[in-house]
Amino acid sequence: MSPIPVIGSVAGTAAAMSRKAVQVPVIAIDGPSASGKGTVAQLVAKALKFNYLDSGALYRIVAFAAQKAGISWQDEAALASLASALEISFDDGEIYLHNNKGGDDNVSEEVRSEALGKGASEVAVHQDVRRALLDMQLKFRREPGLVADGRDMGSVVFPDAQTKIFLTASSDVRAERRYKQLINKGNNVNLRAVLADIEARDARDMQRTSAPLVQVPDAKLLDTSGMSIDEAVAQVLQWFHQNK
Ligand code: CDP
């Protein structure tokens, strides 16, 4: 007869295996502003037919809804209760917010503005706001898998993600990319101001005490400074397939 410890360890292995089998795979992509992670994450999700979570959009919506309700981006308690009551949905790249008349407003354009990017980084420093958005983010983990894009996907929201990537680029390259995006949208901006804005946002995201932007030890570093989008997508897919 096998000694009990062996039986115990076999049973333990089986339990661990079945736990692994029911876990929906997650690719967590974190990184600083304008690194291109949104574009890369969406293309990876499309290639794998996975769900996609744009977690930055949730912080942007909190900043937007607060502005509409006359709540300051510094008022942690009011922001947290606002955040927990928000009903947000995503459909085909568009962002909808449920209104008090029973309908859904398409808020994509306002929410993706530069002003609300800054607002998002201000509301995101509050621990209670982050806590209020946690369950909403976990619900995106559905079959056949999830690509989650943000600042704390691999560190806080999905610490058991199979594949963790820290996607970045030099601040000059990121400023250049953001500048081109803004000019193409018809904005009148200058490169220096865009760079200063990116550096201020990096500092706020990295220095906050609650879920700061960090490269966790088990994340792979992907510096896209000299890389095309297609190359970055191919690298993420390769890492994901290696981890399977
Ligand atoms: O693409 P961009 O960096 O401009 O913006 P975003 O990804 O929509 O995120 C906007 C802001 O939300 C960031 O600067 C962060 O401060 C915050 N954020 C966060 O704290 N945690 C996340 N998981 C995602 C965004």
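Whatever comes next refers back to the structure up there.
Residues numbered from 1 in each chain as written. Predicted model: local features only at pLDDT ≥ 70, side-chain atom pairs only at ≥ 80, totals over all residues. Heavy atoms only, no water.

## Comments concerning the pairing of strand β1 (residues 26–30)
With five of its five residues buried, β1 lies for the most part within the structure. Relative to strand β6 (residues 146–150), β1 is paired through five bridges, and the arrangement is parallel. Bridged to Ile27 within β6 is Val147. Pairing geometry for β1 and strand β7 (residues 163–168), over four bridges, is parallel. Looking at β7, one finds that Ala28 is bridged to Lys164. (Buried < 20%, exposed > 50% of the residue type's maximum accessible area, 1.4 Å probe, protein only. Helix = DSSP H or I, 4+ residues; strand = E, 2+ residues; numbered from the N terminus. Pairing = 2+ DSSP bridges.)

## Considering the site of the ligand
With respect to spatial proximity, 19 residues lie near the ligand, and among them Arg60, Arg130, Arg151, Asp152 and Asp205 are the closest. Separating an oxygen atom of the ligand from a side-chain N or O atom of Arg151 is a distance of 2.7 Å. The separation between an oxygen atom of the ligand and a polar side-chain atom of Asp205 is 2.5 Å. Here the element with the most residues in the shell around the ligand is helix α3 (residues 55–69); it accounts for four residues. Residue composition of the shell around the ligand, by class: five nonpolar, five polar and nine charged. (Near = heavy atom within 4 Å. Polar contact = N/O pair within 3.5 Å; in protein donor to acceptor, adjacent residues only side chain to side chain. Nonpolar A, V, L, I, M, F, W, Y, C, P; charged D, E, K, R; others polar.)

## As for α3
Note: α-helices contain 3.6 residues per turn, so residues at a spacing of three or four share the same orientation. End to end, α3 covers 22 Å across 15 residues, agreeing with the expected 21 Å (1.5 Å per residue, within 8%). Of all 15 residues that make up α3, 11 are buried, and the element is covered over most of its length. All of the buried residues in α3 are Ser55, Ala57, Leu58, Tyr59, Arg60, Ile61, Val62, Ala63, Phe64, Ala65 and Ala66. Within two residues after α3, Gly70 carries a phi angle of roughly 75 degrees, on the positive side. (Expected span 1.5 Å × (residues − 1).)

## Points about the sheet that holds strand β5 (residues 104–106)
With respect to topology, three strands assemble into an open sheet ordered β3-β4-β5, the strand pairing being antiparallel. Both outer strands of the open sheet, β3 (88–91) and β5, are each paired with one neighbouring strand and no more. Taking each pair of neighbouring strands and ignoring which way they run, the sheet shows an average axis angle of 30 degrees. Examined bridge by bridge, β3 and strand β4 (residues 94–98) share four bridges and lie antiparallel to one another. What sits directly across from Phe90, in β4, is Ile95. (Axes fitted to C-alpha atoms, helices over the stretch in contact; angles between N-to-C directions.)

## Brief notes about the sheet that holds strand β2 (residues 51–54)
Spatially, β2-β6-β1-β7-β8 is the arrangement adopted by the five strands of the open sheet, whose pairing is parallel. The open sheet has two free edges, formed respectively by β2 and β8 (220–223), since each of these has just one partner strand. Ignoring which end each strand starts from, the neighbouring axes of this sheet average 20 degrees apart. Here four bridges tie β2 to β6, and the two strands are oriented parallel to one another. Bridge pairing in β6 links Asp54 to Asp149. Across the sheet, α3 touches β2 and β6, and the angle it forms with β2 is around 40 degrees. Contacts from helix α12 (residues 229–243) reach β1, β7 and β8 within the one sheet, and its direction differs from that of β8 by about 165 degrees. (Contact = heavy atoms within 4.5 Å.)

## Description of the pattern of salt bridges
Two side chains with opposite charge may pair up if their charged atoms get near one another. Tallied over the entire structure, the rule returns 10 salt bridges. The closest approach of N and O atoms between Asp149 and Lys37, which form a salt bridge, is 3.2 Å. Here Asp149, found in strand β6, pairs with Lys37, found in helix α2 (residues 37–48); they are 112 residues apart in sequence, far enough to count as distant. The exposure classification of Asp149 matches that of Lys37, with both residues buried. Across the pair Lys164 and Asp218 runs a salt bridge, and its minimum N-O distance is 3.1 Å. Separated by 54 residues along the polypeptide, Lys164 in strand β7 and Asp218 in the loop between α11 (191–207) and β8 bring together distant segments of the chain. Residue classification places Lys164 among the buried residues on the basis of a relative accessible area of 6%. (Salt bridge = Lys/Arg side-chain N within 4 Å of Asp/Glu carboxyl O.)

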